[in-house]
Each structure stands twice: as C-alpha cells, then as structure tokens.
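Observations on chain architecture
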Amino acid sequence: GRGAEGGNVCMPAVAAWAGWRQFYLGSSRVFEGTELCDCFREEGPWDPEFERRVEENRFYSEGGVSVSFVTVFGQFPVHGHFPGA
C-alpha cells in the first residue's frame, strides 16, 4: 500500500538505504528466506551505461506458489543468474 506521503510502505525509497547493496539485502529480508534476489547495480551517480549491468531479478517461492520478477532496461537482453543454475 501507499503511505501518507505517497511512498510505498512495503518498499521504502532506495534513498532510505545506505546504497543499492543494502537496499537489495534489506528488501529481500522482509520475505524471510522465501525470496532470492539476483541483484546488482552500480553505486554512485546514474549513468545510462549502467543499464547494461543492472540485475534485479527476484524469485519468490512459498507454499507451492512461485513468482519471478525480471527487470529489463531498454533494448538490452535479459541477463542474470537463475537460482540453482
């Protein structure tokens, strides 16, 4: 849901974390081990070239339900690592 200021109460703004690594670790922690995050993003100011190296692929599985979230920027190919591969 959305908080009073319009922010997502489930996923606080990345600025609230101490960088992308902390965001990925912390946002995965709320799933208590039911989600794997194949995630990487350069720290520092955004550069369009970073889009080639961004990985934010999340895999959730619990009670017979599995959901995959794969991020793709622009026309770059899907990339990352599949859990267990």
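Thresholds applied
- The numbers attached to residues start from 1 for each chain and follow its sequence in the written order.
- Local features in a predicted model are, by the rule used here, given only for residues with pLDDT of at least 70; side-chain atom pairs are given and counted only at 80 or more, and totals for whole chains, interfaces and linings are based on all residues.
- The basis for the side-chain values is all heavy atoms of the structure; hydrogens and waters are excluded.
- Going along the chain from the N terminus, every DSSP run of H or I of four or more residues is numbered as a helix, and every run of E of two or more is numbered as a strand.
- Under the scheme applied here, a residue whose accessible area is under 20% of the maximum for its type counts as buried, over 50% as exposed, and between as partly exposed, the area being computed with a 1.4 Å probe on protein chains only.
- Cavity means a closed set of points on a 1 Å grid over the protein atoms alone, one where a 1.4 Å probe fits but cannot get out, pocket means an open set with protein on both sides within 12 Å along at least 5 of 7 lines, and lining means a residue has an atom within 4 Å of a point.
- Grid points are joined across faces, edges and corners, and a volume is the space filled by probe spheres set on the points.
- When residues are grouped by polarity, Ala, Val, Leu, Ile, Met, Phe, Trp, Tyr, Cys and Pro land in nonpolar, Asp, Glu, Lys and Arg in charged, and all others, Gly among them, in polar.
- Strands qualify as paired when DSSP identifies two bridges or more between them.
- Fitting a line to C-alpha atoms yields each axis, with helices limited to the stretch in contact; the angle taken between N-to-C directions then spans 0 to 180 degrees.
- Only heavy atoms matter for contacts: two residues are in contact if any of them lie within 4.5 Å across the pair.
- We call a pair of cysteine sulfur atoms a disulfide when they lie within 2.5 Å.

**A look at the side chain of Ser 27**
Along the polypeptide, Ser 27 turns up in helix 1 (residues 20-29). Taking relative accessible area as the criterion, Ser 27 reaches 1% and is therefore assigned buried.

**Here we look at the layout of surface pockets**
Here the largest pocket defines a volume of roughly 160 Å³. Taken together, Trp 20, Arg 21, Tyr 24, Leu 25, Ser 28, Cys 37, Cys 39, Phe 40, Arg 41 and Glu 43 make up the full set of residues lining the largest pocket. Listing elements by their share of the lining of the largest pocket, those giving two or more residues are helix 1 and strand 1 (35-40). A per-element tally of the lining of the largest pocket places helix 1 first, with five residues. Taken together, the residues of the lining of the largest pocket sort by class into six nonpolar, one polar and three charged.

**Describing empty space enclosed by the protein**
A probe as big as a water molecule, rolled over the atoms, marks out the empty space that is left. Summed over all chains, the structure comprises one cavity of 30 Å³ or more. Of the volumes computed, that of the largest cavity is approximately 30 Å³. Residue composition of the lining of the largest cavity, by class: five nonpolar, two polar and one charged.

**Some thoughts on the sheet that holds strand 1**
The sheet built from three strands is open, its strands ordered 1-2-3 with antiparallel pairing. Whereas interior strands pair on both sides, the edge strands pair on one side only; in this sheet they are strand 1 and strand 3 (65-70). Neighbour-to-neighbour, the strand axes of the sheet open up by a mean angle of 5°, direction not taken into account. Where strand 2 (residues 55-62) meets strand 3, six bridges bridge the pair, whose relative direction is antiparallel. Paired with Asn 57 across the bridge in strand 3 is Val 70. The sheet contacts of helix 1 involve strand 1 and strand 2, and relative to strand 2 the element is tilted by about 15°.

**A few points about the state of the cysteines**
Throughout the structure, instances matching the rule amount to one disulfide. The side chain of Cys 37 participates in a disulfide bridge whose partner is Cys 39; the two sulfur atoms lie 1.8 Å from each other. Taking the sign of the torsion about the S-S bond as the criterion, the disulfide between Cys 37 and Cys 39, at about -105°, is left-handed. You can call Cys 37 partly exposed: its relative accessible area is 27%.

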